[in-house]
Amino acid sequence: MEGKIIKCVPNDPIERAADDILGEEIYADVEENDTEITNQENQNQEGGIEIDAGDEEIEIEQPSQLKATKGKKATSKPVKTTKKVTVPVKGNVNKKPTSSKKPIKTSFKGNKFQQESLEEHNILRKKHHVGDLELSKELCDIAQKYANKLAATDTFQHSKSNFKGRPMGENLFACYGMEITGKIMTDSWYDEIKDYNFNNPGFKRTTGHFTQVVWKKSKQVGFGFAKSKSGYYYGVANYVPAGNYIDEFKENVLNQ
């Protein structure tokens, strides 16, 4: 049997609420110790701070170069050199700025389907000069749970779910007579680019999947799929922050 691909009509575009703050920090799971800043990397074992003197010349006396003469006081010739010096920490001093970046966490790998879906998304996003998406275990769990529900009921409609009280982007996919893959699913959504007018950016039901795939401000994504008893495969992708906000297409859907 020849394979058949079905794409669910995209969700309606989202209207920005007055209190809706767009930023990945409102979706990220931040632990309390993530923001802790220490000065350990700038301190030596004696509790001092290493200061790079750069090219500054410092005059020091080298004992090996002291010249002693009988009946005369030993004299030394100052030599010029460059070095790093360490000063003890006493009270408040100007310390070398420390990085406030959060510790790097081990990324969630996901299964083969999730990995392939993420890879294809990021390949396509690079064409539009936007950053990579990060695979989220929490979003993958949500997507998988809903894919299971679609397969169990053989229905094909959006969940209209939120994520932590904020809108969540959602693309749906179904196919029959062929096995679902992350690449086939993602490419089918991206193929809507042929109907998108970059000169008149905005939402259309025939391009809503594409615009979500390449939406610049989306940062995290989750994928899931399930097969129904009738032989249909259902694929789900969830995005945060969500895409397809009204009046925000120009700055989020960039041309190649």
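Scroll up to find the structure this text is about.
For every chain, the first residue of the written sequence is number 1, and numbering continues from 1 along that sequence. Since the coordinates come from a predicted model, pLDDT governs what is reported: local features require at least 70, and pairs of side-chain atoms require 80 or more to be given and counted, while whole-chain, interface and lining totals use all residues. Side-chain figures throughout are based on the complete set of non-hydrogen atoms in the structure, without hydrogens or water.

## Digging into the environment of Ser-228
In DSSP terms, a helix is any run of H or I states spanning at least four residues, a strand is any run of E spanning at least two, and both are numbered starting from the N terminus. Examined against the element boundaries, Ser-228 turns out to sit in the loop between strand E10 (220–227) and strand E11 (232–240). Considered as a pair, Ser-228 and Ala-151 are 77 residues apart in the sequence and their alpha carbons are 4.3 Å apart. Ignoring sequence-local partners within four residues, the contact set of Ser-228 consists of Ala-151, Asp-154 and Tyr-234. In protein, a polar contact means a hydrogen-donor-capable atom and an acceptor-capable atom, both N or O and within 3.5 Å, with residues adjacent in sequence counting only if both atoms are side-chain atoms; elsewhere, any N or O pair within 3.5 Å suffices. Polar side-chain contacts of Ser-228 include one of 2.9 Å to the side chain of Ser-230. Any two residues whose heavy atoms approach within 4.5 Å at even a single point are treated as in contact.

## Section: the environment of Asn-111
Tracing the backbone shows Asn-111 in the loop between strand E5 (85–88) and helix H1 (112–127). Between the C-alpha atom of Asn-111 and that of Phe-223, which follows or precedes it by 112 residues, the distance is 9.5 Å. Here the side chain of Asn-111 touches Phe-113 through a polar contact of 3.2 Å, landing on its backbone nitrogen.

## Topic: the pattern of salt bridges
For salt bridges, the criterion is a side-chain nitrogen of Lys or Arg within 4 Å of an Asp or Glu carboxyl oxygen. For the structure on display, the rule yields nine salt bridges. Between Glu-192 and Lys-7 there is a salt bridge, and its shortest N-O distance comes to 3.6 Å. Taken together, the positions of Glu-192 in the loop between helix H3 (182–190) and helix H4 (208–213) and Lys-7 in strand E1 (residues 4–7) put the pair 185 residues apart, joining distant regions of the chain. In this scheme, a residue with accessible area under 20% of its type's maximum is buried, one over 50% is exposed, and one in between is partly exposed, where area comes from a 1.4 Å probe on protein chains only. Residue Lys-7 is classed as partly exposed on the basis of its relative accessible area, which comes to 33%.

## Quick word on unusual backbone geometry
In this structure, Pro-241 follows Val-240 across a cis peptide bond, with omega equal to -15 degrees. Along the chain, Pro-241 falls in the loop between E11 and helix H5 (249–252). Residue His-129 is not a glycine yet carries a positive backbone phi of 60 degrees. In this fold, His-129 is placed in the loop between H1 and strand E6 (134–135). What makes His-129 exposed here is its relative accessible area of 56%. Positive phi is not limited to glycine here, since Asp-247 has a value of about 65 degrees.

## A few points about the sheet that holds E1
For two strands to be treated as a pair, DSSP must find at least two bridges joining them. Strand order in the open sheet formed by five strands is E1-E9-E11-E10-E6, and the pairing between neighbours is mixed. Each having just a single partner strand, E1 and E6 make up the two edges of the open sheet. Across four bridges, the pairing between E1 and strand E9 (residues 169–176) is antiparallel. Bridged to Lys-7 within E9 is Phe-173. Against the sheet, helix H2 (residues 137–153) engages E6, E9, E10 and E11, with an angle of about 25 degrees to E10. Its contacts with the sheet put H3 on E1, E9, E10 and E11, and the angle it makes with E9 is roughly 115 degrees. Lines fitted to the C-alpha atoms define the axes, with helices restricted to the stretch that makes contact. Angles between their N-to-C directions range from 0 to 180 degrees.

Read these as layout, nothing more, since geometry by itself doesn't imply function.
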